[in-house]
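Fold and geometry: a report
Single-letter residue listing:
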Amino acid sequence: MSQPSLIELVKVENYALSSILNASMLYNFLMGIYTIVYAGTLYVYLSKRSSSTGRWIVLTCISALYVFSVVNFILHWTFLSRVFIAHGDTKTSIFLASLVNPAWFDITDELCQGLPLVISDALLTWRCYHAWGQSVKIAAVLSLLCIAELALGIAYVVFQSTSASARAPHVGVNIETALAFISLLATSSATFLIGYRIRIVSDTLGGPVRQGRSSRAIRAKAYTRIVVTIVESSAVYAVALFMFALTTVVPVFRDAESPMSQAGLYIDAVLLIVAGLAPTVMVLRLALASANSNNAASSNTLSNVVGVEFYVSSHGGNTVGTGIGARRENSWPSPVEGCQIDYSPNDLEK
């Protein structure tokens, strides 16, 4: 095998140092946006009088995601200071310093990258659990994916901290690829299940009810808005995960002499922020939608949208479901035979 020429080595150095600097600038910019959104979400969420357990679980999750982003921000700051200041004698010394990190740095960095993926999917699973009337079966399937994510993340951190990572780097790549695709599967599955569930409810709103068409239209519009909020918030995260997964399987992204080899740094910067920003934006939008609905309740425009529950009668005429906050006057049969509908838009805010 021929040795790389001096020109090729200089090209690799330029690609690496340029991507390190520019990806860090991108991360700093996105971190500023994330901080503003997180602060706004805290204000909106804490200004509400409700203090249910579900709301505190959601608040804890989005706060944990933000803390991981802050820790990662500090790690990047430390990395840049060490590489460009402590080893900034020449371009070559900067490049070589960027290739070697302390063991504690690598472990902390991997934890800050892997755990937010698990927390984001766990939060989406929590919403799916409520959307499906607290269905244990639905939650169990999605929880298995979250557990698999956590196990792969721990395995990757442990593997990278051992000498085996240098002898068999392909094993680490395989673990990272599996983690990316399982996280993508968990996100896509939870989003689809939530959207499908609300679609069933939305279809039911067009059924033979005693209320007028305008009321049904308002209800259907409210549920459609919830679907759009969840799908839009999750779509950006899913796209970032998909791009990250591609960097682990497409060979060009691992060719050091290709400019595409440094694309992973930019994708990582986006994914690290989006993993926390997307759930936070979803929480903020749902909280604002709920607040707007409550403010409009006095005008009877949306008074029956937030807090409405749906029930399905069994073949014997008995109500199926737990009936959280049941209001019998708003119940009617489901168009899907045997399917229980016990859902409130406020459930997704939990």
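Bear in mind that the values here come from a model prediction, so they are computed numbers and not experimental data.

**Overview of the overall build of the protein**
Within the protein, the secondary structure is distributed over nine helices and two strands. Its helices and strands in sequence order give the protein the pattern α-α-α-α-α-α-α-α-α-β-β, from N to C terminus. Taken over 350 residues, the protein has a buried fraction of 46%. Excluding contacts between residues fewer than 6 apart, the proportion of contacts in the protein whose partners are at least 24 apart in sequence is 75%. Put simply, the protein shows about 17500 Å² of open surface, and 67% of that area lies on carbon and sulfur atoms.

**A word on the UniProt feature "transmembrane region" (unreviewed entry) in the protein**
When the UniProt feature table is mapped onto this chain numbering, "transmembrane region" (unreviewed entry) sits at residues 25–45, 57–79, 138–159, 171–196, 235–253 and 265–288. With 79% helix and 0% strand, the stretch residues 235–253 has end C-alpha atoms that lie 23 Å from each other.

**Thoughts on helix α3 (residues 91–99)**
Of the positions making up α3, those classed as buried are Ile-94, Phe-95, Ala-97 and Ser-98. Angular distribution of buried residues about the axis of α3 spans 165°; they occupy a single face of the element.

**So, the nonpolar core**
If you look at the biggest cluster of nonpolar residues, it comprises 23 residues, and the most contacted ones within it are Tyr-27, Met-31, Tyr-34, Tyr-45, Ile-62 and Ile-273. Contributions of two or more residues to this core are made by α1 (6–46), α2 (53–86), α4 (103–131) and α9 (263–295). Ranked by residues supplied to this core, first place goes to α1 with eight residues. When sequence neighbours within four positions are dropped, the list of residues in contact with Met-31 reads Tyr-66, Ser-69, Val-70, Phe-73 and Ile-273.

**Regarding unusual backbone geometry**
Its identity is not glycine, yet Gln-134 carries a phi of approximately 60°, on the positive side. Its location among the elements puts Gln-134 in the loop between α4 and α5 (136–160).

**With respect to the packing of aromatic side chains**
In this description, an aromatic ring pair is defined by two values, namely the gap between the centres and the angle between the planes. Tallied over the full model, the rule gives eight aromatic pairs. Ring geometry for Tyr-38 and Tyr-66: centres 4.4 Å apart, planes at 5°, overall stacked. Taken as a pair, Tyr-38 in helix α1 and Tyr-66 in helix α2 lie far apart in primary sequence, 28 residues in all. As far as burial versus exposure is concerned, Tyr-38 and Tyr-66 are alike and both buried. Among the aromatic residues, those joined into a cluster by ring pairs are Tyr-34, Tyr-38 and Tyr-66.

**Concerning the packing of α2 against α3**
For the pair α2 and α3, the least separation of the axes is 8 Å and the interaxial angle reads 145°. With respect to the hand of their crossing, α2 and α3 are arranged in right-handed fashion. Together, Phe-79, Arg-82, Val-83 and Phe-84 of α2 and Ile-94, Ala-97 and Ser-98 of α3 make up the contact between the two elements. Partitioned by chemical class, the residues of the contact of α2 with α3 number five nonpolar, one polar and one charged.

**Remarks on the side chain of Asn-72**
On the secondary structure map, Asn-72 appears in helix α2. Of the residues examined, Asn-72 reaches a relative accessible area of 1% and is grouped as buried.

**A look at the packing of α2 against α4**
At a minimum axis separation of 10 Å, α2 and α4 run at an interaxial angle of 155°. Taken together, the axis directions place α2 and α4 in an arrangement best described as roughly antiparallel. Like other packed secondary-structure pairs, α2 and α4 cross with a definite hand, here left-handed. Taken together, the residues of the contact of α2 with α4 break down into 19 nonpolar, four polar and two charged.

**Some thoughts on α5**
Between its first and last C-alpha atoms α5 spans 35 Å; for 25 residues at 1.5 Å apiece the expected length is 36 Å, and the two agree. Buried residues of α5: Ile-138, Ala-139, Leu-142, Leu-145, Cys-146, Glu-149, Gly-153, Tyr-156, Val-157 and Phe-159, and no others.

**Structural notes on the side chain of Thr-187**
Structurally, the position occupied by Thr-187 is in helix α7 (residues 169–204). Classification of Thr-187 as buried rests on a relative accessible area of 1%. One polar contact links Thr-187 to Asp-121, side chain to side chain, over a distance of 2.6 Å. Once you skip the residues sitting within four places of it in the chain, Thr-187 turns out to touch Asp-121, Leu-124, Ser-234, Tyr-237, Ala-238 and Leu-241.

**Some details on the environment of Tyr-196**
With respect to the secondary-structure elements, Tyr-196 resides in helix α7. When the C-alpha atoms of Tyr-196 and Trp-132 are compared, they prove to be 9.8 Å apart, with 64 residues separating the residues in sequence.

What counts and what doesn't
Residues numbered from 1 in each chain as written. Predicted model: local features only at pLDDT ≥ 70, side-chain atom pairs only at ≥ 80, totals over all residues. Heavy atoms only, no water. Helix = DSSP H or I, 4+ residues; strand = E, 2+ residues; numbered from the N terminus. Buried < 20%, exposed > 50% of the residue type's maximum accessible area, 1.4 Å probe, protein only. Contact = heavy atoms within 4.5 Å. Areas by Shrake-Rupley, 256 points an atom, 1.4 Å probe, with all protein chains shown as cover. UniProt positions renumbered as here; feature names shortened; annotations may be inferred. Arc of directions from axis to C-beta. Core = buried A, V, L, I, M, F, W, Y, C linked by side-chain atoms within 4.5 Å. Phe/Tyr/Trp six-rings, centres within 6.5 Å; stacked < 30°, edge-to-face > 60°. Axes fitted to C-alpha atoms, helices over the stretch in contact; angles between N-to-C directions. Left-handed = near helix turned anticlockwise from the far one by under 90°. Nonpolar A, V, L, I, M, F, W, Y, C, P; charged D, E, K, R; others polar. Parallel < 35°, antiparallel > 145°, perpendicular 65-115°, else oblique. Expected span 1.5 Å × (residues − 1). Polar contact = N/O pair within 3.5 Å; in protein donor to acceptor, adjacent residues only side chain to side chain.

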